[in-house]
Amino acid sequence: MRLTPHKRLRRVLATSGAVLLLGLVPALAEAPGALAAPHPTRPGSYSAAAPTLHAAPARHRPGTDQVSYNGGPVQHSPVVYLDFWGSQWDSDGNGVQPYMTSLFNGLGTSQDHWSTITAQYPDSSGSGPAFTGPVLGGSWVDDASPAPASSQQQDIAAEADSAAAHFGVAGDPDAQIVVMSPSGTSPDGWPASGFCAWHDYTGSVSYTNMPYQLDAPAGSRCPNNLLGDRLSAFSIVEGHEYAESITDPQPSSGWLDPSGEEIGDLCESNFQNVTLPTGTFPMQPLWSNNGGGCVISG
């Protein structure tokens with residue numbers, strides 16, 4: 001989800017809300033499909049709450065009921081396209097590109113029991129998400145020019161549409177574009193904006209605003225260096241947005257709880273390592289109606 005307009009991905013780990021509130025403690029967050037900050041925020045955002053010990057119980061907001069269906073689409077066969085925005089990526093030496101590529105080449109495979117948590121959430125067709133192989137559809141470094149130092153929401157959406165055109169997936173309801181901003185940039189006011197990332201819909205394609213998590217300042221709620229992995233925020237935060245983009249690709253018309261939280265927003269703590277055929281990645285639990293709580297495996 002995203003914080004308005006369209007609730008800007010509170011899932012961004014920077015504050016709370018539908019954005020990815022990755023606090024090791026209960027997570028708050030919501031933005032448009034991002035680890036977000038508390039409402040109002042972009043739908044699908046990951047907001048960051050103060051980190052808690054990964055052994056602590058997954059966060060479940062008091063009074064939260066099960067998530068329910070709001071009449072919109074879900075993604076039946078999710079495919080993720082990584083858009084590394086800007087020529088700055090040509091000189092990035094932190095291994096973010098191979099890390100993200102490995103993550104999505106592992107998600108969707110037969111060893112991935114994390115993505116399948118989303119399979120319980122169908123749309124009006126009666127069909128829900130299904131996984132038959134790696135969900136990575138492609139990776140592109142859009143390096144014709146530098147990414148802007150301070151992009152606005154409309155700039156990020158325009159870049160997502162450009163990437164959709166590049167990959168030939170404009171209008172594809174199962175496509176997700178992940179707009180990866182480079183180091184030194186501030187997409188949509190990050191990191192002072194209270195989210196770690198968020199997801200939304202351009203009118204043509206589902207997309208995520210994914211800031212460069214290693215630039216989060218000391219004390220930030222975005223979950224860097226957790227579980228012994230310095231790139232952990234990339235898998236935890238983007239995993240949050242990926243799952244919410246599957247179950248609520250056009251925020252907020254998919255699966256939400258009574259307060260508007262998505263399946264990642266309700267479980268932003270108790271991070272755990274998930275082993276895929278391409279490596280081991282720190283991830284967060286997701287809300288399961290079937291399980292009546294936050295689970296790490298479907």
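See the structure above.
Right, let's walk through the structure included here. Remember, it's a predicted structure, so these values are computed and weren't measured experimentally.

1. Details of the packing of helix α1 (residues 96–106) against helix α3 (residues 232–247)
Phase 1 of the analysis: Two elements in contact, α1 and α3, have axes separated by 11 Å at closest approach and are oriented at 45°. Our classification of the angle between α1 and α3 gives oblique. As α1 runs across α3, the sense of the crossing is right-handed. The segment α1 lies against α3, with Val-96, Tyr-99, Met-100, Leu-103 and Phe-104 engaging Ser-232, Phe-234, Ser-235, Glu-238 and Tyr-242.
Phase 2 of the analysis: Partitioned by chemical class, the residues of the contact of α1 with α3 number seven nonpolar, two polar and one charged.

2. Details of helix α2 (residues 153–167)
Residues three or four positions apart in an α-helix share a direction because the helix packs 3.6 residues into each turn.
Phase 1 of the analysis: With 15 residues, α2 extends 21 Å from end C-alpha to end C-alpha; this agrees with the ideal 21 Å at 1.5 Å per step.
Phase 2 of the analysis: Residues Gln-153, Ile-156, Ala-157, Glu-159, Ala-160, Ala-163, Ala-164 and Phe-167 constitute the buried set of α2. Buried residues in α2, looked at end-on, bunch into an arc of 160°, giving them a common side. The exposed set on the far side of α2, more than 90 degrees from its buried face, consists of Gln-154 and Ala-165.
Phase 3 of the analysis: Just downstream of α2, Gly-168 is the residue with a positive phi angle, here 75°.

3. A closer look at the nonpolar core
Phase 1 of the analysis: Residues Met-100, Phe-104, Trp-114, Ile-177, Met-180, Phe-234 and Tyr-242 are the most contacted members of the largest nonpolar core, which totals 62 residues.
Phase 2 of the analysis: Look past the residues within four positions of Phe-234 in its chain and what remains in contact with it is Val-96, Tyr-99, Met-100, Met-180, Met-210, Pro-211, Tyr-212, Gln-213, Leu-214 and Gly-239.

4. What to know about the state of the cysteines
Phase 1 of the analysis: Under the definition given, this model contains two disulfides.
Phase 2 of the analysis: A sulfur-sulfur distance of 2.2 Å marks the disulfide that ties Cys-196 to Cys-222. Between Cys-196 and Cys-222 the sulfur-sulfur dihedral comes to about -105°; the bridge is accordingly left-handed. Of the two residues, Cys-196 is situated in the loop between β7 (175–180) and β8 (197–201) and Cys-222 in the loop between β9 (206–210) and α3; the sequence distance between them amounts to 26 residues. Per residue, the accessibility class of Cys-196 equals that of Cys-222, and both read buried.
Phase 3 of the analysis: The disulfide partner of Cys-267 is Cys-294, and the gap between their sulfur atoms is 2.1 Å. An S-S torsion of about -85° defines the bridge between Cys-267 and Cys-294 as left-handed. Of this pair, Cys-267 sits in the loop between β10 (255–256) and β11 (272–276) while Cys-294 is found in strand β14 (residues 293–295), placing the two residues 27 residues apart along the sequence.
Phase 4 of the analysis: For Cys-267, a relative accessible area of 0% puts it in the buried group.
Phase 5 of the analysis: In this structure Cys-294 comes out as partly exposed when scored by relative accessible area, which is 24%.
Phase 6 of the analysis: Numbered by order of appearance in the sequence, the disulfide-linked cysteines of the chain pair as 1-2, 3-4.

5. Quick word on unusual backbone geometry
Phase 1 of the analysis: Cis geometry marks the peptide bond from Trp-190 to Pro-191, where omega comes out at 5°.
Phase 2 of the analysis: Geometrically, the link from Pro-251 to Ser-252 is a cis peptide bond, its omega value of -5° lying close to zero.
Phase 3 of the analysis: Mapping Ser-252 onto the fold places it in the loop between α3 and β10.
Phase 4 of the analysis: Despite not being glycine, Asp-188 has its phi angle at roughly 60°, a positive value.
Phase 5 of the analysis: As for its position among the elements, Asp-188 is in the loop between β7 and β8.
Phase 6 of the analysis: A relative accessible area of 7% places Asp-188 in the buried class.

6. Focus: the pairing of strand β6 (residues 136–142)
Phase 1 of the analysis: The pairing of strand β5 (residues 79–85) with β6 spans six bridges and is parallel. Residue pairing for β6: Asp-83 is matched across the bridge by Trp-140.
Phase 2 of the analysis: Regarding the hand of the β-α-β motif, the stretch spanning β5, α1 and β6 is right-handed.

Definitions and limits used
- Residues numbered from 1 in each chain as written.
- Predicted model: local features only at pLDDT ≥ 70, side-chain atom pairs only at ≥ 80, totals over all residues.
- Heavy atoms only, no water.
- Axes fitted to C-alpha atoms, helices over the stretch in contact; angles between N-to-C directions.
- Helix = DSSP H or I, 4+ residues; strand = E, 2+ residues; numbered from the N terminus.
- Parallel < 35°, antiparallel > 145°, perpendicular 65-115°, else oblique.
- Left-handed = near helix turned anticlockwise from the far one by under 90°.
- Contact = heavy atoms within 4.5 Å.
- Nonpolar A, V, L, I, M, F, W, Y, C, P; charged D, E, K, R; others polar.
- Expected span 1.5 Å × (residues − 1).
- Buried < 20%, exposed > 50% of the residue type's maximum accessible area, 1.4 Å probe, protein only.
- Arc of directions from axis to C-beta.
- Core = buried A, V, L, I, M, F, W, Y, C linked by side-chain atoms within 4.5 Å.
- Disulfide = S-S within 2.5 Å.
- Pairing = 2+ DSSP bridges.
- Right-handed = clockwise from strand over helix to strand, strands pointing away.

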